[in-house]
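# Breakdown of the fold
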Amino acid sequence: MTRATPVTDAPLADRDGVIWLDGDLVPWRQAHLHVLSHGLHYGGSVFEGERAYDGRVFKLHEHSARLVASAQEMGYALPWTAEELDAATREVVAAAGLTDGYVRPVAWRGSDTLRLVAPDSRVHVAVAAWPWPRIFADGPRGIRLHTSRWRRPAPDTAPVRAKTAAQYALGSLAGQEAERAGRDDALLLDHRGRLAEATGANLFLVLDGALHTPPPECVLDGITRRTVVALAQDLGLTVVERHLAPAELDRATEVFLTGTAYEVQPVTAVDDREYPLGEVGTALAEAYARAVRGGGTDGGGRPAGAVPAAVSDEAG
Ligand code: PMP
């Protein structure tokens, strides 16, 4: 697997530039938080991962809105609206002179108290942006997954709808396990043993020419997932949102992942099953690559949730 060489190998804390922190652009190296920050101890921080293409963040407002909603799920309100976060992000992207890059907004309860219940704790927000090439330098070429022993929790076990640090300990464990197994990423099942998602991307199977993807119940409601569903429908493909059993991987003709970082990424193996770089995934990867740079449709022409009703809700 050829990973792109990072533009800079400097540690993240030791770079030039500015970070937007609580309303101001501060020198990059001075964007600190205190060691007694609530968010550091109890995992309640929320964040986004965004991509700028040609200096413009793709689906910026959807990401800002998800950050606001994630904080609400975690029991706190951000001191900024989604529109203000949009403006802050544009400011930091412009200050960085970014054309293609990564943007990381993050919010956390500060160091006012370490009581678990901290309704009056101040909430901090930062937005950082830096150059970031495509994950795979030579375009999508397929990744190999390892089915994890870790499972995505039930909605009454963890705040599964929030993009919160609390979820990512699991992804980190699953990812480490997959890399130890010589694979690129992990495939997590959900708490009931159904197919869920990778550590940072949503899952699609091609079955009888149609796309099938798990509903966003125990998986993150990915913004790329929504975009790709709309692009697929524009291409005349049928998209079915339903619970999927692991055995359905046996008859899938293509498997791919979607996410801000991965974009549309074909999967060439899940454990001992092999898949080709198929035409459906390739067509969607091309449509997505056009959409992020403002070409063709951006898949945003219809409301989120316009996925046809499940044809079957249970996969065993
Ligand atoms: N699932 C998880 C667990 C993720 O971390 C991500 C990346 N944010 C996704 C799915 C894909 O989401 P998006 O398309 O919004 O990047």
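### Remarks on the pairing of strand β14 (residues 254-259)
- Of all six residues in β14, six are buried, a share of seventy percent or more.
- Bridging between strand β11 (residues 202-207) and β14 involves five bridges; their strand directions are antiparallel. Opposite leucine 203, over in β14, you have leucine 257 as the bridge partner.
- Pairing between β14 and strand β15 (residues 263-270): five bridges, direction antiparallel. By the bridge assignment for β15, glycine 259 is matched with glutamate 263.
- Adjacent in sequence and paired antiparallel, β14 and β15 are bridged by three residues.

### What about unusual backbone geometry?
- One non-glycine residue with positive phi stands out, namely aspartate 208, at about 50°.
- Considering the arrangement of structural elements, one finds aspartate 208 in the loop between β11 and β12 (210-213).
- Since its relative accessible area comes to 71%, aspartate 208 is described here as exposed.
- The phi angle at glutamate 263 is positive, at roughly 60°, despite the residue not being glycine.
- With respect to the helices and strands, glutamate 263 occurs in strand β15.

### What about the confidence of the model for the chain?
- Taken as a whole, the chain shows an average pLDDT of 91; of its residues, 88% reach a score of 70 or greater.
- In the model, residues 1-6 has pLDDT below 50 throughout and makes 18 contacts with residues more than four positions away in sequence or in other chains.
- Here residues 301-316 is modelled with pLDDT under 50, and outside its nearest four sequence neighbours on either side it reaches 27 contacts, counting other chains as well.

### Focus on the side chain of arginine 51
- Note that arginine 51 resides in strand β4 (residues 50-53).
- Arginine 51 sits in the buried class, given a relative accessible area of 4%.
- Reaching out from arginine 51, the side chain makes a polar contact with the backbone oxygen of threonine 260 at a distance of 3.1 Å.

### Here we look at a nonpolar patch on the surface
- Together, Val35, Leu36, Leu40, Tyr42, Leu114, Leu116 and Val117 make up an exposed nonpolar region whose accessible area comes to about 680 Å².
- Residue classification places valine 35 among the exposed positions, given a relative accessible area of 57%.

### A few points about the site of the ligand
- Tyr168, Glu197, Ile223, Thr224 and Thr260 are the nearest of the 15 residues found near the ligand.
- At 2.7 Å, a side-chain N or O of glutamate 197 approaches a nitrogen atom of the ligand.
- Isoleucine 223 has a polar backbone atom sitting 2.8 Å from an oxygen atom of the ligand.
- For the ligand, whose accessible area on its own is 380 Å², the fraction buried by protein is 95%.
- When contributions to the shell around the ligand are tallied by element, the ones reaching two or more residues are α5 (223-234) and β14.
- Among the residues forming the shell around the ligand, the class breakdown is four nonpolar, eight polar and three charged.

Cut-off values and rules
Residues numbered from 1 in each chain as written. Predicted model: local features only at pLDDT ≥ 70, side-chain atom pairs only at ≥ 80, totals over all residues. Heavy atoms only, no water. Buried < 20%, exposed > 50% of the residue type's maximum accessible area, 1.4 Å probe, protein only. Helix = DSSP H or I, 4+ residues; strand = E, 2+ residues; numbered from the N terminus. Pairing = 2+ DSSP bridges. pLDDT = per-residue confidence, 0-100. Contact = heavy atoms within 4.5 Å. Polar contact = N/O pair within 3.5 Å; in protein donor to acceptor, adjacent residues only side chain to side chain. Patch = residues over 30% accessible without salt bridge, like charges linked within 9 Å, V, L, I, M, F, W, Y side chains within 5 Å. Areas by Shrake-Rupley, 256 points an atom, 1.4 Å probe, with all protein chains shown as cover. Salt bridge = Lys/Arg side-chain N within 4 Å of Asp/Glu carboxyl O. Near = heavy atom within 4 Å. Nonpolar A, V, L, I, M, F, W, Y, C, P; charged D, E, K, R; others polar.

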